[in-house]
Amino acid sequence: MEVAVDIKDLTVAYGDKPVLWDVDLQVPRGVLMAIVGPNGAGKTTLLKAMLGLVRPAAGSVRVFGRPYHQQRHLIAYVPQRSSVDWDFPTTVLDVVLMGRYGHLGWFRRPGRAERDAALAALAQVQMADFAHRQIGQLSGGQQQRVFLARALAQAAEIYVMDEPFQGVDAVTERAIINVLRDLRAAGKTVVVVHHDLQTVTEYFDHVALINVRRIAAGPVAEVFTEANLRATYGGRLALLHTPTDTAPAARPTPAPGD
Amino acid sequence: MSPQLEVQLIAVIIAAACTLPGVFLVLRRMAMLSDAISHTVLLGIVLAYLISGNLSSPLLFAGAVAMGVLTVWLVELMSGSRLMHEDAAIGLVFPALFSLAVLLISRFAGNVHLDTDSVLLGELAFAPFDRIELFGLSLPRALVVGSGTLMLNLILLVLFYKELKLATFDPALATTLGFAPALIHYGLMTSVSLTAVTAFDAVGSILVIALMVAPPATAYLLTDRLPRMILLSVAIGIASALSGYWLARWFDVSIAGTMATMTGIAFLLAFLFAPRRGIVAQRRQQQINRERFALQMLTLHLLNHEGTRDANVECHPRHLIEELHWPAAFAGAIVRQAEQHGLVQRRGDMLVLTEQGRLFAAEASVR
Amino acid sequence: MELFTDYTFRNVTLGAMLIGAISGFLGSFAVLRRQALLGDAMSHAALPGIALAFLITGQRDPFSLLIGAAVAALVAALWLLAVVRTTRIKDDAALALTLAVFFGFGLVLLSYLQRQPHAAQAGLKSFLFGQAAALIERDLWAMLAIGLPALALVLIFWPQVKLISFDPDFARSLGVPVRRFEVLLTGIIVVAIVIGLQTVGVVLMSAMLIAPAVAARQWTNRLEYMVVLAAGFGALASLIGAWISTLGEGLATGPLIVLVMSLFTMISLLLAPERGLIWRHIRRQRVIAFD
């Protein structure tokens, strides 16, 4: 099993409060992994550490065996929608083109090839018709798909996403999960901070349970257990239906989680 | 009272009057409105003057205060349209109104003592010469008006303390409890306006901004509690005003400018040396954290590999350095610290946990 | 038109237009990155720099004064960054106190200078409200010398500048040296300020950075068109303002330009297709009528 991302002893602190503490996590190549945990438990920080956006107090992140800053071109990032100002004067196509900037380097401008790649990425998320729309005119789900298309345009090996399903409509949710499955089928590795415990078993094959520390990680069937969930969420969890009893194809009954 | 004493008294009173509403401006993230209001009140004064035709009409005062509140309303109108962000709205509204004021003055009131320079600069030294009669006493106008404003701000603060506190920290809750946050907001803005108008004749708009924002910001670095923050702000404001006055006299430079500079120096001192929040304290805390994490990491690793087959490899200092990715010097220092604290011992080449070290690691792993 | 035949007027008008165009262009980035008031703070902070430069060099030479202004503005920007990053003080309070304290210190220096027996220091007061009428040809060349390289840098690095203005985190994840570009983007505001201070002065400088950009934004959804439009609005407002100021007595150029520019912005906010408030209102009425 090749390891796509190898995180060792990762500790990130803001001031004297640890947000992530001594986290070890191996993301095997080719999986669709969910990162779940309560709010403020360090999930976004874990993603950002993977991308070199925060400096850890200790520990390391290696991508395919090398330090991440040597492998940036292999990782694509889909941030939370709230991280940008959607009133910015730019079109959908422009945003997706930005995904190609890593390939262009310093002085080259996007040309025909880049445009085609961007349009292809938009087609993958069914947003090709919106190419010349200003981004503020999109719905939340459409904005999310644009961010996803931007990541697809990067043609990376590893895709790292922060709550892509948060607050999107059903059409978008379907579109996104289809893209993720296509990526996995193509041998890519996908890591997703996921907010909805209900859909973990349906969408993902691996899961990491994080609450400042790594509680458990591995294949969903083995790791996504009641005991582990209780350990992750403390007492703030009411399970009406044990997740591991669910047949993979069926949708679990509502199990409120944090 | 000698003129010098009067000037100092005026300065103290105005400083106190400014810091009181300033505390809430800072806490509500509306500090730049003080910049806007202290510039636009000039337009209110000019318009009122043009209407009333006379410089001592109370209409001037009322007009200035009204213009201040109007400014806030305009800013909110602009940013509420969602066509621009709030900071751009502020940067649009006040220069436009101020420009209008400057033009009106130079065009229609050029011969009148509405010196645009004094808008910015004020002139405290002249305050004793502008006197009014009150209860048979001859007092500087700035002193009387300033005291009135200070009194008003104090009364408002005491009367509406809990509403202000709630509306500042939890506007949603305030609404459900029936305190209209909008009312509190505009009440605060009226107070800011009033204070700015009172103060800027004597000290100019720049010092008004400095006094409204810098002492509360300084206090914010020193305390977490609102009552203490208010008291500290007033104290720092007064101290800055007095020290500024004396330094300005000593060096024979602008009084208002020196006072503003002193508020900055007070902030700088807190920025550097505040316990807990100052830079010096923060650096020390970061260093302590770094060492504590490292010690925990070290003992945890020793614990994990203790008694395992590869223990004699894993527990060698050099291997630990590699695995934990520590620079050699740092690693050496940590190991020494661990030894000093009695957490590890050297046994030949290897590092071994003591009983205390094992406890330390166990605690660390439960966090 | 007298404006362009008379030598003095021509300098004033051209100078004002140059400033309007450059501030409009460069200010667009400040507005989009929500640093609109940074320009306000930095232009106030420039005052002590100007005074110190005069103190050191002893003469009102435009280049040294501009350098003084630039250095002071940069120091203020760095100080602001330090405060916001390391303390709980939010950006609005940091801006306000930096603005007031630096400017206050500048006033101290000015008052000290006023007691010195130099005739030339009277010109320093003009930095408060601007004195476009005093622009001479050398000032124009100084503006071009500083302004054109800034513009050129933005154009050369257009994709990176656009990316960083929109999504700095994503840019960082691509390995773009975001910190360096943020320094560049702050630097260009400093450039706009030191150029513009002479025309509109400290108090009104922020309007020259903000108003053209806000106006331009209402008319287009493409950044490329927006910055050009902002430059155009800035230049046009400066032209009109300069012209009006020749029409009568006591009409200072700086405030006139700001007023004209604000008028453009108001009109844009109301009438621009799609975003304009009047059209929005009409559309809403139509929907209601339809129901």
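Source: prediction; values computed, not measured. (Residues numbered from 1 in each chain as written. Chains lettered and ligands numbered in written order. Predicted model: local features only at pLDDT ≥ 70, side-chain atom pairs only at ≥ 80, totals over all residues. Heavy atoms only, no water.)

Asks: How should the nonpolar core be read in this particular structure?
Replies: Generally speaking, a soluble globular protein has its nonpolar side chains buried in company with each other. Counting 259 residues, the largest nonpolar core has L180 of chain A, L124 of chain B together with L26 and F29 of chain C as its most contacted members. With 27 residues, the single largest contributor to this core is helix α10 (residues 178-219) of chain C. Contact partners of L180 of chain A, with chain neighbours within four places excluded, come to L32, M161, F165, V190 and V192 of chain A. (Core = buried A, V, L, I, M, F, W, Y, C linked by side-chain atoms within 4.5 Å. Buried < 20%, exposed > 50% of the residue type's maximum accessible area, 1.4 Å probe, protein only. Helix = DSSP H or I, 4+ residues; strand = E, 2+ residues; numbered from the N terminus. Contact = heavy atoms within 4.5 Å.)

Asks: Even after reading the chapter, I still don't get the pairing of strand β1 (residues 3-14) of chain A, so can you show me in this structure?
Replies: Regular strands place their side chains on alternate faces of the sheet. Residue and element names in this part refer to chain A. Two elements, β1 and strand β2 (residues 17-28), share 8 bridges in a ladder whose sense is antiparallel. Residue L10 lies in a different strand from β2, and its bridge partner there is V23. For β1 and strand β4 (residues 58-63), the ladder comprises 5 bridges, and the chain directions are antiparallel. Looking across to β4, one finds that V5 is bridged to V63. (Pairing = 2+ DSSP bridges.)

Asks: For this particular structure, what's the right way to read the confidence of the model for chain A?
Replies: Keep in mind that low pLDDT regions are not for reading the predicted coordinates in detail. The predicted model of chain A averages 85 in pLDDT, with 90% of residues at 70 or higher. Across residues 245-258 of chain A, where pLDDT falls below 50, the model places 21 contacts with residues more than four positions away in sequence or in other chains. (pLDDT = per-residue confidence, 0-100.)

Asks: Hey, could you run me through the interface of chain C and chain B in this one?
Replies: Opposite the 57 residues of chain C that make contact, chain B presents 59 residues. Where chain C abuts chain B, roughly 4,900 Å² becomes buried across the two surfaces, and 74% of that area is made up of carbon and sulfur atoms. Taken together, the connections running from chain C to chain B amount to 2 salt bridges. Between D91 of chain C and R29 of chain B there is a salt bridge whose closest N-O contact spans 3.5 Å. For the pair chain C and chain B, the number of links is 13 residue pairs in polar contact (both at pLDDT 80 or more). Where the side of chain C that touches chain B is concerned, the elements lending two or more residues are α3 (36-57), α4 (62-86), α5 (91-114), α6 (126-129), α10, α12 (253-271) and α13 (277-290) of chain C. Among the elements that make up the side of chain C that touches chain B, the one with the highest residue count is α5 of chain C (16 residues). Looking at side-chain class alone, the side of chain C that touches chain B contains 35 nonpolar, 11 polar and 11 charged residues. (Buried area = accessible area lost by both parts, 1.4 Å probe. Salt bridge = Lys/Arg side-chain N within 4 Å of Asp/Glu carboxyl O. Polar contact = N/O pair within 3.5 Å; in protein donor to acceptor, adjacent residues only side chain to side chain. Nonpolar A, V, L, I, M, F, W, Y, C, P; charged D, E, K, R; others polar.)

Asks: Help me out: how do you make sense of unusual backbone geometry in this one?
Replies: Glycine aside, residues mostly have negative phi, and peptide bonds are mostly found in the trans state. One non-glycine residue with positive phi stands out, namely D9 of chain A, at about 55°. Relative to the elements of secondary structure, D9 of chain A occurs in strand β1. Taking the relative accessible area as the measure of exposure, D9 of chain A reaches 4% and is therefore buried. With a phi close to 65°, R82 of chain B is a non-glycine residue in the positive phi region. Turning to its location among the elements, R82 of chain B is positioned in the loop between α3 (58-80) and α4 (86-108).

Asks: Just to check I follow, could you spell out the domain arrangement of chain B for this structure?
Replies: You'll often see interface size given as the accessible area lost when the parts meet. As far as domains go, chain B holds domain 1 (1-111 + 142-205) and domain 2 (278-364). Using only C-alpha atoms to locate each centre, domain 1 of chain B and domain 2 of chain B end up separated by 58 Å. (Domains from an automatic or database assignment.)

Asks: Please explain the packing of aromatic side chains as it appears in this structure.
Replies: The description of an aromatic ring pair rests on the distance of the ring centres and on the angle between the ring planes. Taken as a whole and assessed by the stated rule, the structure comprises 13 aromatic pairs over all chains. Taken together through their ring pairs, the aromatic side chains of W86, F88 and F147 of chain A together with F166 of chain C make up a single cluster. Here R88 of chain C stacks its cationic end above the ring of Y220 of chain B, 4.0 Å away from the centre of that ring. (Phe/Tyr/Trp six-rings, centres within 6.5 Å; stacked < 30°, edge-to-face > 60°. Lys NZ or Arg CZ within 6 Å of the ring centre and 35° of its normal.)

Asks: Looking at this model, I keep getting lost on the packing of α10 of chain C against α12 of chain C. Mind explaining?
Replies: Residue and element names in this part refer to chain C. Two numbers describe how α10 lies on α12: the axes approach to 9 Å, and their chain directions differ by 20°. Taken together, the axis directions place α10 and α12 in an arrangement best described as roughly parallel. Considering the relative orientation of α10 and α12, their crossing is left-handed. Residues T199, V200, L204, A207, M208, A211, P212, V214, A215, Q218 and W219 of α10 form the contact with α12, whose participating residues are G254, P255, I257, V258, M261, F264, T265, S268, L269 and L271. For the contact of α10 with α12, the per-class residue count stands at 16 nonpolar, 5 polar and no charged. (Axes fitted to C-alpha atoms, helices over the stretch in contact; angles between N-to-C directions. Parallel < 35°, antiparallel > 145°, perpendicular 65-115°, else oblique. Left-handed = near helix turned anticlockwise from the far one by under 90°.)

Asks: Is there a simple way to explain the sheet that holds β4 of chain A in this structure?
Replies: Two orientations exist for strands paired in a sheet by backbone hydrogen bonds: parallel and antiparallel. Strand order in this open sheet of 4 strands is β2-β1-β4-β5 (chain A), and the pairing throughout is antiparallel. Edge positions in the open sheet fall to β2 and β5 (66-67) of chain A, since each of these has one partner strand only. Set on the sheet, helix α1 (residues 43-50) of chain A makes contact with β1, β2 and β4 of chain A; between it and β1 of chain A the angle comes to about 120°. Across the sheet, helix α12 (residues 279-305) of chain B touches β1, β2 and β4 of chain A, and the angle it forms with β2 of chain A is around 45°.

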